[in-house]
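Report on the structure
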Amino acid sequence: MAELTAFRFRTGASLLHKLDVRFKLGFLVLISLAGLKAAPLALCVITFVLIAVIIDTRLPIKVILKELRYFLILLLFVFIARILTTPGSTLIQIMAVSVTREGIYDGSLVCWRLVIIITLGLLFVSTTRTSEIKAAVEWLLIPFPFFQGKRVATMMSLVMRFMPLILDQAKETADAQRARCVENRKNPLYRLRKFAIPVIRRIFESADKLAVAMEARCYSENRTDPWLSSGLKDWVALFVVICLCAMIILI
Amino acid sequence: MHMNIIEIENLSHRFPDGTLGIDGINLTIQEGTFVVISGQNGSGKTTLLRHLNGLLLPDRGTVRLSGVSVSKDLVKARQIVGMVFQDSDSQIIGETVYDDVAFGPENLCLDRSEIKRRVYDALKAVGLTGLAEQRPHLLSGGEKRRLAIAGVLSMKPRVIVFDEPFSNLDYPGIRQLLEQVLSLHKAGRTIVVATHELEKVITHADHLVIMKDGTVVRDGLPDEMVKGVEAFGVREPYNSRPGMEIRSWLN
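Once a new chain begins, its residue numbering starts again from 1 and follows that chain's sequence as written. Lettering for chains starts from A, numbering for ligands starts from 1, and both go in the order in which the items are written. Only residues with pLDDT of 70 or above have their local features reported here, since the model is predicted, and side-chain atom pairs are shown and tallied only from 80 upward, although totals for entire chains, interfaces and linings are computed over all residues. Values shown for side chains rest on all heavy atoms present in the structure; no hydrogens or waters enter the calculation.

1. Points about the overall build of chain A
The helix and strand inventory of chain A stands at ten helices and two strands. Listing each helix as α and each strand as β along chain A from the N terminus yields α-α-α-α-α-β-β-α-α-α-α-α. With the C-alpha coordinates of chain A rotated into their principal frame, the extents come out at 65 × 60 × 40 Å. Each residue's exposure class comes from its accessible area (1.4 Å probe, protein chains only) as a fraction of the maximum for that residue type: buried when under 20%, exposed when over 50%, partly exposed otherwise. Scored against the burial criterion, the 251 residues of chain A give a buried share of 40%. Whether two residues touch is decided by their heavy atoms; if any such pair falls within 4.5 Å, the residues are in contact. Residue pairs at least 24 apart in sequence account for 74% of intrachain contacts in chain A once pairs closer than 6 positions are excluded. Positive residues here are Lys and Arg, negative ones are Asp and Glu, while His and the chain termini are left out of the count. The location of each charge is read from NZ of Lys, CZ of Arg, CG of Asp or CD of Glu. In chain A, which carries 32 positive and 18 negative side-chain charges, the distance between the mean positions of the two groups comes to 5 Å. Strands here mean DSSP runs of E at least two residues long; helices mean DSSP runs of H or I at least four residues long; both are numbered from the N terminus.

Below you can see the structure in the form of structure tokens.
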């Protein structure tokens with residue numbers, strides 16, 4: 001069931017697996033922000049760096065692309081919307097709709113940036129245990145006493161842990177409904193209602209079972225969290241990432 | 001002479017919707033014994049088990065573990081009584097086998113080295129040491145059930161409670177699980193198994209309890225009681241019908 005989502009932890013011994021989670025979280029934010037306004041040359045640099053990191057982490061690219069196919073469809077819609085709505089010199093004119101040179105350029109850049117951000121997130125989640133993310137979020141929220149850091153971190157880690165289960169239940173429900181010819185009903189609202197109600201009910205039932213299982217194992221917010229420690233390799237990685245971001249901004 | 005590790009006196013529980021779950025149960029379980037609780041669906045087996053570690057609290061009556069009331073110290077009760085649930089998937093919390101087994105000791109705020117020692121001891125006991133870095137959802141049904149046992153073992157319980165442990169397991173899975181349960185019993189732990197599939201476990205039990213409509217209707221030695229179980233919606237073991245000796249599933 002966990003196969004249903006690309007966004008999950010994968011065990012490994014790559015450099016990214018070994019880095020301190022707090023630094024990785026910082027890298028994610030820094031590169032994402034720098035990439036938002038990056039020019040094509042800068043995007044090329046980021047892409048090459050990301051390809052090298054993906055090779056090092058040995059992520060199964062084909063499987064991940066298959067799992068992210070719906071996201072790729074979304075990107076296609078973003079691209080089409082951009083090429084049809086950006087004004088500029090017309091390349092193709094079909095009745096009142098025109099495809100512009102600037103639209104293609106702008107759409108490509110937006111999609112490229114989105115792919116980079118998604119890849120950064122994927123690399124982060126694939127190389128970091130949820131318990132480490134939870135510990136890092138708690139650490140980051142220490143300066144904000146009005147936030148209940150431990151509770152926020154626990155909720156985040158549970159959402160990440162249960163996303164595959166929720167997707168699995170949604171798939172099972174959809175299969176069961178297809179087996180009873182739900183496709184013959186053309187009204188999308190009817191189908192949505194018949195799909196959403198049992199899925200939500202099952203999610204709540206699973207959440208209830210999980211809560212009982214956690215309680216049975218003495219769950220408490222005050223527990224032994226992973227030990228967060230930074231070393232020389234984390235600081236070297238930070239230096240490299242800052243240089244990369246400076247280059248992205250300056251190019 | 002064994003001491004009583006579990007003492008239940010006049011235990012009753014009513015659910016919020018008004019349904020009576022269990023009513024006036026009196027039961028004692030001696031340390032080191034193997035007890036089977038049987039009864040048809042809805043007879044109150046799970047409700048009774050959930051009172052043993054304070055997942056449910058009584059409306060009337062008391063449950064004492066080694067003479068101390070469960071409701072006085074819930075954390076202690078959950079350390080003494082480990083519970084293996086019917087649905088292993090809902091009991092698995094960690095992203096890797098190691099993380100899942102470590103969940104309980106982390107909740108007890110043990111230090112990292114002690115957690116590691118307990119996790120590897122528990123994995124060794126259930127034969128999953130080689131799968132420590134595996135993702136739990138890729139395990140077979142039998143392995144998941146053994147992982148659930150390891151998760152409980154790492155908390156060093158004196159009593160292990162199994163709720164319908166044989167459901168959804170194939171024949172080899174049942175045999176493996178049964179061997180596991182027997183080795184835990186041999187190591188001195190008190191075993192409580194709730195099941196309606198008497199045939200799989202009855203030859204190994206020291207004590208049989210039959211429940212119906214939330215009450216204990218029979219309580220005694222398995223050999224003396226097995227003949228009359230069908231009156232309470234429990235299937236009599238196949239060999240017992242013609243008066244033959246009931247054989248273990250491990251033979």
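That shown, we press on.
2. Quick word on the overall build of chain B
For chain B, the count of helices and strands is eight helices and ten strands. The globule rule used for comparison is 2.2 Å times the number of residues to the exponent 0.38, while the radius of gyration itself is calculated over C-alpha atoms. Expected size for 251 residues packed as a compact globule is a radius of gyration near 18 Å; at 18 Å, chain B falls within 12% of this value. By its C-alpha atoms, chain B is 50 × 45 × 40 Å across when sized along the principal axes. Taking all 251 residues of chain B together, 55% fall into the buried category. In chain B, the proportion of contacts linking residues at least 24 apart, taken out of those at least 6 apart, comes to 65%. With 29 positive and 32 negative side-chain charges, chain B shows a separation of 2 Å between the mean positions of the two kinds.

3. As for the interface of chain B and chain A
Taken together, the contacts link 35 residues of chain B with 27 residues of chain A. Two parts placed together each lose some accessible area; with a 1.4 Å probe, that loss summed over both constitutes the buried area. Both faces combined, the contact of chain B with chain A buries some 2,800 Å², and carbon together with sulfur accounts for 52% of it. Salt bridges are defined as contacts in which a side-chain nitrogen from Lys or Arg sits within 4 Å of a carboxyl oxygen from Asp or Glu. At the junction of chain B and chain A, the tally comes to six salt bridges. The closest approach of N and O atoms between lysine 209 of chain A and aspartate 87 of chain B, which form a salt bridge, is 3.5 Å. By the criterion applied in these results, polar contacts are pairs of N or O atoms within 3.5 Å in which, for protein atoms, one can donate a hydrogen and the other can accept it, and in which residues neighboring in sequence qualify only through two side-chain atoms. Taken together, the links from chain B to chain A amount to 13 residue pairs in polar contact (both at pLDDT 80 or more). Looking at the side of chain B that touches chain A, the elements that each hand over two or more residues are α2 (74-80), α3 (88-91), α4 (97-107) and α5 (112-126) of chain B. Per element, the largest residue contribution to the side of chain B that touches chain A is eight residues, and it comes from α4 of chain B. Three classes are used, and their members are as follows: Ala, Val, Leu, Ile, Met, Phe, Trp, Tyr, Cys and Pro are nonpolar, Asp, Glu, Lys and Arg are charged, and the others, Gly among them, are polar. For the side of chain B that touches chain A, the per-class residue count stands at 14 nonpolar, ten polar and eleven charged.

4. Considering the sheet that holds strand β2 (residues 20-30) of chain B
Note: strands within a sheet are paired through backbone hydrogen bonds, in either parallel or antiparallel orientation. Residues and elements named next belong to chain B. Strands are labelled as partners when DSSP assigns at least two bridges between them. Pairing is antiparallel in the open sheet, where four strands are placed in the order β2-β1-β4-β5. The open sheet has two free edges, formed respectively by β2 and β5 (68-69), since each of these has just one partner strand. Alignment of strand β1 (residues 4-14) against β2, held across seven bridges, turns out to be antiparallel. Bridge pairing in β2 links arginine 14 to leucine 20.

5. As for empty space enclosed by the protein
Cavities and pockets are found on a 1 Å grid laid over the protein atoms alone: a cavity is a set of points where a 1.4 Å probe fits but cannot escape, a pocket is an open set with protein on both sides within 12 Å along at least five of seven lines, and a lining residue has an atom within 4 Å of such a point. Grid points are joined across faces, edges and corners, and a volume is the space filled by probe spheres set on the points. In the structure shown here, the tally under the stated rule is three cavities of 30 Å³ or more. In this structure, the largest cavity is lined by 16 residues; those nearest its centre are Ser131, Ser157 and Arg223 of chain A together with Ile93 and Phe103 of chain B. Of all the secondary-structure elements, those providing two or more residues to the lining of the largest cavity are α7 (130-140) and α8 (149-178) of chain A together with α4 of chain B. When residues in the lining of the largest cavity are grouped by element, the largest group, four residues, is from α8 of chain A.

6. Focus: a nonpolar patch on the surface
All names here are of chain A. Patch construction takes residues with relative accessible area above 30% that form no salt bridge. Like charges are linked within 9 Å, and nonpolar side chains (Val, Leu, Ile, Met, Phe, Trp, Tyr) are linked within 5 Å. The accessible surface values rely on the Shrake-Rupley method and a 1.4 Å probe; as for residues, cover is taken only from the protein chains in view. A contiguous nonpolar patch, built from Leu91, Ile92, Ile94, Met95 and Ile104 and spanning about 530 Å² of accessible area, is present on the exposed surface. Ranked by residue count, the leading element in the nonpolar patch is strand β1 (residues 90-94), at three residues. In this structure isoleucine 94 comes out as exposed when scored by relative accessible area, which is 56%.

7. A look at the sheet that holds strand β3 (residues 34-38) of chain B
Residues and elements named next belong to chain B. Read across the open sheet, the six strands follow the order β6-β7-β8-β3-β9-β10; overall the sheet is mixed. Each having just a single partner strand, β6 (81-84) and β10 (215-220) make up the two edges of the open sheet. Strand-to-strand, the axes of this sheet are offset by a mean angle of 20°, without reference to chain direction. In the sheet, β3 pairs with strand β9 (residues 207-212) via four bridges, with the strands oriented parallel. Across the sheet, the residue bridging to valine 36 is leucine 208, located in β9. Relative to strand β7 (residues 159-163), helix α1 (residues 45-52) is tilted by about 155°, and along the sheet it contacts β3, β6, β7, β8 (190-194) and β9. Helix axes use the C-alpha atoms of the stretch in contact, all axes being lines fitted to C-alpha atoms, and the angles between their N-to-C directions lie in the range 0 to 180 degrees.

8. Notes on the packing of aromatic side chains
Between the rings of Phe, Tyr and Trp (Trp by its six-membered ring), a pair exists once the centres lie within 6.5 Å; its type follows the angle of the planes, with under 30 degrees stacked, over 60 edge-to-face, and the other angles tilted. Tallied over the entire structure, the rule returns five aromatic pairs over all chains. Seen from their ring centres, tyrosine 219 of chain A and phenylalanine 103 of chain B are 5.8 Å apart, and the 5° between their planes marks the pair as stacked. Linking tyrosine 219 of chain A in the loop between α9 (188-216) and α10 (232-250) with phenylalanine 103 of chain B in helix α4, this pair reaches from one chain into another. On the basis of relative accessible area, tyrosine 219 of chain A is assigned to the partly exposed category, the value being 24%. Within the aromatic cluster, the residues linked to one another by ring pairs are Phe23, Phe27 and Trp235 of chain A. Directly above the aromatic system of tryptophan 139 of chain A lies the positively charged group of arginine 22 of chain A, at a separation of 4.8 Å from the ring centroid. A cation sits over an aromatic face here: arginine 185 of chain A above tyrosine 190 of chain A, 3.9 Å from the ring centre. Should the NZ of a Lys or the CZ of an Arg lie within 6 Å of a ring centre and within 35 degrees of the ring normal, that charge is described as sitting over the ring.

9. Considering the packing of helix α2 (residues 21-36) of chain A against helix α6 (residues 101-126) of chain A
All names here are of chain A. Direction vectors running N to C along α2 and α6 enclose 180°, while the axes themselves pass 10 Å from each other. The angle between α2 and α6 falls in the class roughly antiparallel. The residues of α6 that touch α2, namely those facing Val21, Lys24, Leu25, Leu28, Ile31, Ser32, Gly35 and Leu36, are Arg113, Ile117, Leu120, Gly121 and Phe124. Class assignment of the residues belonging to the contact of α2 with α6 gives a composition of eight nonpolar, three polar and two charged. Every angle not falling under 35 degrees, over 145, or within 65 to 115 is termed oblique; those three ranges are roughly parallel, roughly antiparallel and roughly perpendicular.

10. Some words on the confidence of the model for chain B
What pLDDT conveys is the predictor's confidence in a given residue, as a value from 0 to 100. Per-residue confidence for chain B gives a mean pLDDT of 91, with 99% of residues at or over 70. Both scores are available for the predicted complex, with the pTM at 0.79 and the ipTM at 0.84.

11. Description of the pairing of strand β2 (residues 97-100) of chain A
A regular strand carries its side chains on alternate faces of the sheet. Relative to β2 of chain A, β1 of chain A is paired through four bridges, and the arrangement is antiparallel. When the bridges of β2 of chain A are listed, threonine 90 of chain A appears paired with threonine 100 of chain A.

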